[in-house]
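# Secondary and tertiary structure notes
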Amino acid sequence: MRITSSAFGILLLLVFLSSAQAGYDFFYFVLQWPGSNCDTSSGCCYPSYGKPPSNFGIHGLWPNYNNSSYPANCDPNNPFNISQIQDLVTSLRTNWPSLACPSIDSTSYWQHEWNKHGTCSESVMNQHAYFQVNLNLKSRIKLLQYLQSAGITPNNEFYSLTNIKTAIKAGVGHTPWIQCNKNAAGTYQLYQVYICIDHSGTVLIDCPVYPTRGGCSTSSIQFPSFVGQHGKTSPLETTFNEKGSIEK
Ligand code: 5GP
Ligand code: 5GP
């Protein structure tokens, strides 16, 4: 019994030390629904390489503390360097597309996420590993599939927040945090999904804490379609407003 409890104590100490060394406690892995990004009053831009797939895209992997606070912009001496992730660019374009204007080729989005969040986990993973870990998590966590298995599809219908969380929990194994935004008509819709990951970036965990900002202030939320939204894909940098007309 004494051996068991001291072994447990050592294990706890090791876990504590490794996360203390990391400089943060865990990550939020955040995915965004493109349909909810584009149907807002400010609209969206597609990347110059084409309309993103009708699937969740990566927003980022954000180091966080168990007390809800988080580090940011941790190392100005290690700025984003695209040459370190050349082999990942094709996959990043599909899985981590930028929809904010001007989207261009999405690289300024990746740059922002690395500089703000990625530098805070650089003691655990370098730039290449950070982007690779994001892509690995994206391919493991099949959000759209989990939702569709529960009959929750991006068809402009309304779904209960509880059913959305339950469907994602059934696939991920842990309860997610859901963030809503409003479309141009002011309707609350499914915008971002937060999944908690341990500090190594590999183990999905129960969230030690959920974001303290408001989640969805309504229990029934819309899941908007992205297929056919705003008409055709433009090869040019183009802004689409909510009526589908083009603003250059
Ligand atoms: P917003 O307030 O628009 O949801 O978040 C703005 C930005 O602040 C996010 O994109 C992210 O960079 C950062 N942020 C907001 N909340 C959190 C949080 O709980 N943890 C971490 N690590 N970053 C956050
Ligand atoms: P955060 O909220 O993570 O601190 O900042 C996100 C930054 O990335 C903002 O400056 C935003 O304009 C830019 N950005 C570029 N593309 C996207 C996108 O598709 N979604 C979001 N949320 N932000 C994007």
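Each remark here, short or long, concerns the structure printed above.
The structure contained in this document is the topic of the report that follows. (Residues numbered from 1 in each chain as written. Chains lettered and ligands numbered in written order. Predicted model: local features only at pLDDT ≥ 70, side-chain atom pairs only at ≥ 80, totals over all residues. Heavy atoms only, no water.)

## A closer look at the site of ligand 1
Neighbouring ligand 1 are Y28, H59, W62, P63, N64, Y70, K116, H117, Q179 and R213. One nitrogen or oxygen atom from the main chain of P63 is found 3.1 Å from a nitrogen atom belonging to ligand 1. Residue R213 places a side-chain N or O atom 2.3 Å away from an oxygen atom belonging to ligand 1. Protein contacts shield 73% of the accessible area of ligand 1, which totals 500 Å² for the unbound molecule. Considering every element that reaches the shell around ligand 1, the biggest residue donor is strand 3 (residues 57–64), with four residues. (Near = heavy atom within 4 Å. Polar contact = N/O pair within 3.5 Å; in protein donor to acceptor, adjacent residues only side chain to side chain. Areas by Shrake-Rupley, 256 points an atom, 1.4 Å probe, with all protein chains shown as cover. Helix = DSSP H or I, 4+ residues; strand = E, 2+ residues; numbered from the N terminus.)

## Quick notes on helix 7 (residues 161–172)
In an α-helix there are 3.6 residues to a turn, and that puts residues three or four apart on one side. For helix 7, which comprises 12 residues, the first-to-last C-alpha distance of 16 Å matches the rise-based estimate of 16 Å (1.5 Å per residue) to within 8%. Looking only at helix 7, the buried set comprises L161, I164, A167, I168 and V172. Along the axis of helix 7, the buried residues cluster in a sector spanning 135 degrees; they form a single face. In helix 7, those exposed residues whose orientation departs by more than 90 degrees from the buried face are T162 and A170. (Expected span 1.5 Å × (residues − 1). Buried < 20%, exposed > 50% of the residue type's maximum accessible area, 1.4 Å probe, protein only. Arc of directions from axis to C-beta.)

## Thoughts on the site of ligand 2
Taken together, Q32, N37, H59, P97, S98, L99, A100, Y109, H112, E113, K116 and Y191 are the residues near ligand 2. One nitrogen or oxygen atom from the side chain of H59 is found 2.9 Å from an oxygen atom belonging to ligand 2. A100 is positioned with one of its backbone polar atoms (N or O) 3.5 Å from a nitrogen atom of ligand 2. The protein chains hide 68% of the 500 Å² of surface that ligand 2 would expose on its own. The residue inventory of the shell around ligand 2, partitioned by class, reads five nonpolar, five polar and two charged. (Nonpolar A, V, L, I, M, F, W, Y, C, P; charged D, E, K, R; others polar.)

## A word on the side chain of N64
With respect to the helices, strands and loops of the structure, N64 is situated in strand 3. Here N64 is in contact with Y24, D25, F26, Y28, S69, Y70 and P71, once residues within four sequence places are set aside. (Contact = heavy atoms within 4.5 Å.)

## Some points on the packing of aromatic side chains
Counted under the stated rule, the structure contains 13 aromatic pairs. Their ring planes at 50 degrees and their centres at 4.9 Å tell us that Y24 and F27 sit as a pair that is tilted. For the pair shown, Y24 and F27 are each scored as buried. With 5.4 Å between their ring centres and 70 degrees between their planes, W114 and Y130 make a pair best called edge-to-face. Of this pair, W114 sits in helix 4 (residues 107–116) while Y130 sits in helix 5 (residues 127–140), placing them 16 residues apart in sequence. By relative accessible area, Y130 is classed as buried at 0%. Sitting over the ring of F226, K51 keeps its end group 4.4 Å from the ring centre. (Phe/Tyr/Trp six-rings, centres within 6.5 Å; stacked < 30°, edge-to-face > 60°. Lys NZ or Arg CZ within 6 Å of the ring centre and 35° of its normal.)

## A look at the environment of A129
Structurally, A129 can be placed in helix 5. For A129, a relative accessible area of 25% gives the class partly exposed. Residues A129 and Q84, 45 residues apart in the sequence, show an inter-C-alpha distance of 9.8 Å.

## Considerations on the nonpolar core
The biggest cluster of nonpolar side chains holds 51 residues, and the ones touching the most others in it are F56, F131 and I141. When residues no more than four places from it in sequence are discounted, the contact partners of F131 are F80, I85, L88, L92, W96, W110 and W114. Of all hydrophobic cores here, the second largest spans nine residues; its members include F26, V30, Y194 and C207. (Core = buried A, V, L, I, M, F, W, Y, C linked by side-chain atoms within 4.5 Å.)

## Details of unusual backbone geometry
The linkage connecting C101 with the following residue, P102, adopts the cis geometry, with an omega of -5 degrees. In the Ramachandran plot, S68 falls in the positive-phi region, its phi being about 85 degrees despite a non-glycine side chain. Tracing the backbone shows S68 in the loop between strand 3 and helix 3 (89–95). The backbone of N73 shows a phi angle near 50 degrees, a positive value even though the residue is not glycine. Relative to the assigned elements, N73 resides in the loop between strand 3 and helix 3.

## Topic: the state of the cysteines
Evaluated as defined, the whole model comprises five disulfides. The partner cysteine of C180 in its disulfide is C216, sulfur to sulfur 2.1 Å. Between C180 and C216, the S-S torsion sits near 95 degrees, and that sign places the bridge as right-handed. Linking C180 in strand 5 (residues 177–182) with C216 in the loop between strand 6 (188–198) and strand 7 (220–222), this pair joins segments that are 36 residues apart in sequence. With respect to class, C180 is no different from C216; both count as buried. Here the protein pairs its bonded cysteines, counted in sequence order, in the arrangement 1-2, 3-5, 4-6, 7-10, 8-9. (Disulfide = S-S within 2.5 Å.)

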